[in-house]
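Listed here are the chains, written in short residue letters.
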Amino acid sequence: MTKYKRLDNETDEELIYRICLNKDTIGTWNDVKDILNELLNADYGESTYRKKFQAFEKMFSANQNRFLNSDERLIELNNKLNDIRKERIKLQTANIERSRIDRSESRQEMYYEYVGKMVETLPLPQFNTLYPDIRHKKEYLVTLADIHYGAKFKSENNEYSPDIAKGRLRYLTSKIISFVGSHKLNTIKIVSLGDMLQGILRLNDLKINDSSVVKATVEISRLIALFLNEVSAYTQVEYYHTPTANHTQIRPLGSKANEIADEDLEYVIGHYIKDLCLHNERINVHLASDGKQYIDIPIFDYDVVAMHGHTIKNIETSIRDLSMIRQSFINYLILGHYHNGKEIPSFESNYSDMEILISPSFVGSDPYSDSLMRGSKASVKIYGFDSLYGHTETCLLYTSPSPRD
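About the thresholds
Residues numbered from 1 in each chain as written. Predicted model: local features only at pLDDT ≥ 70, side-chain atom pairs only at ≥ 80, totals over all residues. Heavy atoms only, no water. Pairing = 2+ DSSP bridges. Helix = DSSP H or I, 4+ residues; strand = E, 2+ residues; numbered from the N terminus. Patch = residues over 30% accessible without salt bridge, like charges linked within 9 Å, V, L, I, M, F, W, Y side chains within 5 Å. Areas by Shrake-Rupley, 256 points an atom, 1.4 Å probe, with all protein chains shown as cover. Salt bridge = Lys/Arg side-chain N within 4 Å of Asp/Glu carboxyl O. Buried < 20%, exposed > 50% of the residue type's maximum accessible area, 1.4 Å probe, protein only. Contact = heavy atoms within 4.5 Å. Axes fitted to C-alpha atoms, helices over the stretch in contact; angles between N-to-C directions.

As judged from the eight bridges shared by strand S12 (residues 379-386) and strand S13 (residues 390-398), these two strands associate in the antiparallel manner. What sits directly across from Ile382, in S13, is Cys395. Here S12 folds back onto S13 in antiparallel fashion, the turn holding three residues.

Right, here's the structure in full:
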């Protein structure tokens, strides 16, 4: 009995387990009971210690099995941790993408709000009576491309500045009003084909620009809205604004062309024109859907698409290529960007050709085009579309008055 004593700092459970573990050496369970009752100063029956020892043994066995299978459990836990880690990375990636989109949208909204403080809705013009709303066999589309507002230069055959651009827009307004009157048009469609601003694509643009980009953005938005406002005094105006171009791109931190496609001031200009014309019921401003580089223009049953053209790699195959992307056939693709008017038949449809119609530039030739020995007069085109035969008429309007005018 004397050799069975409580060890230093030994708990009751540890004492019971140690004594019961030596049961075979001690004798019977009654002998174990007598030792433990004396050591614990208790009065339990032998079954109490026996059952407690059995419980200890079961727990030890269970823990031993877990220990023996610990490698498998570690592998299983590592796999679960990897799965959790992957899901966390997916969530982080989604959050990063969402943050990028939010930042882009927020920048546009902040810019929009900032410039918005500088513009007000235009007063309504003195409206004339509209021509009767008869079903014309023709519809007319005015293409306004490459204004490059803000630029100031003098080239071999052309001179340009913000003041000259304003004068040209006034002259163009009178020409279009005359066109509306001579054709007795109840409605005319006008599309902007991009490059409204000179922008700052390269450092030498700083030499050409006559004002800041923000100021130029406000002024061109207001000038185009005034132009539409004055034309609306004589006819209903359906205005379409292409969403992207190259000169209106913002290219921060040395980013490359089209690398940050969302940073495009055409978005801002289009929305301001819409705001400025908000209360004029004779003007409908149409903007492209988010994410698109082009805008659809409904003309009879033809599928007419307009875009700037800076992302097109091959003009001759552009209708086919864009039709494949859209998964629908395009009858007419209207482009700016090239500063020289062209009409390129592409395919044949039922009663007309499918054509690529390239508009000349409003700005005209400049020092760069002179260096390439290429260029054309500052002008816009009005395309006439027949309800049956499609594009059948082209009217060229020079935006720079000649001495004879």
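Looking now at a nonpolar patch on the surface. A surface patch of nonpolar side chains, about 340 Å² in accessible area, is lined by Tyr351, Leu388 and Tyr389. Mapped onto the secondary structure, Tyr351 falls in the loop between strand S10 (342-348) and strand S11 (353-358). Taking the relative accessible area as the measure of exposure, Tyr351 reaches 55% and is therefore exposed.

Within the secondary structure, Leu335 is located in strand S9 (residues 332-335). By relative accessible area, Leu335 is classed as buried at 0%. Considering only alpha carbons, one finds Leu335 and His308, 27 residues apart in sequence, at a separation of 5.3 Å. Among all residues touching Leu335, those that are not within four sequence positions of it are Leu193, Met307, His308, Gly309, Ile312, Ile356, Leu357, Ile358 and Ser359.

One key point about sheets: their strands pair by backbone hydrogen bonds, in either a parallel or an antiparallel sense. One open sheet holds the six strands; their spatial order is S6-S5-S4-S1-S12-S13, and the pairing between them is mixed. Every other strand in the sheet has two partners, leaving strand S6 (283-287) and S13 as the edge strands with one partner each. Across the sheet, the axes of successive neighbouring strands diverge by a mean angle of 20°, strand direction being ignored. Pairing between strand S1 (residues 138-144) and S12: six bridges, direction antiparallel. If you follow Tyr140 over to S12, its bridge partner there is Gly384. Each of S1, strand S4 (187-192), strand S5 (236-241) and S6 is contacted by helix H8 (residues 213-231), which is oriented at about 155° to S5, the strand it contacts most. Sheet strands touched by helix H9 (residues 265-276): S5 and S6. Its angle to S6, the strand with the most contacts, is close to 155°.

We now examine the pattern of salt bridges. Throughout the structure, instances matching the rule amount to eleven salt bridges. A salt bridge links Lys23 to Asp24, with the nearest nitrogen and oxygen atoms 3.9 Å apart. Given the relative accessible area of 22%, Lys23 is considered partly exposed. In this structure, Arg326 engages Asp296 in a salt bridge whose closest nitrogen and oxygen atoms are separated by 2.8 Å. You can see Arg326 sitting in helix H10 (residues 318-326) and its partner Asp296 sitting in strand S7 (residues 294-299), a full 30 residues away along the chain. Arg326 gets classed as buried once you look at its relative accessible area, which sits at 18%. Taken together, the shared-partner salt bridges in this structure form one network comprising Asp296, Asp303 and Arg326.

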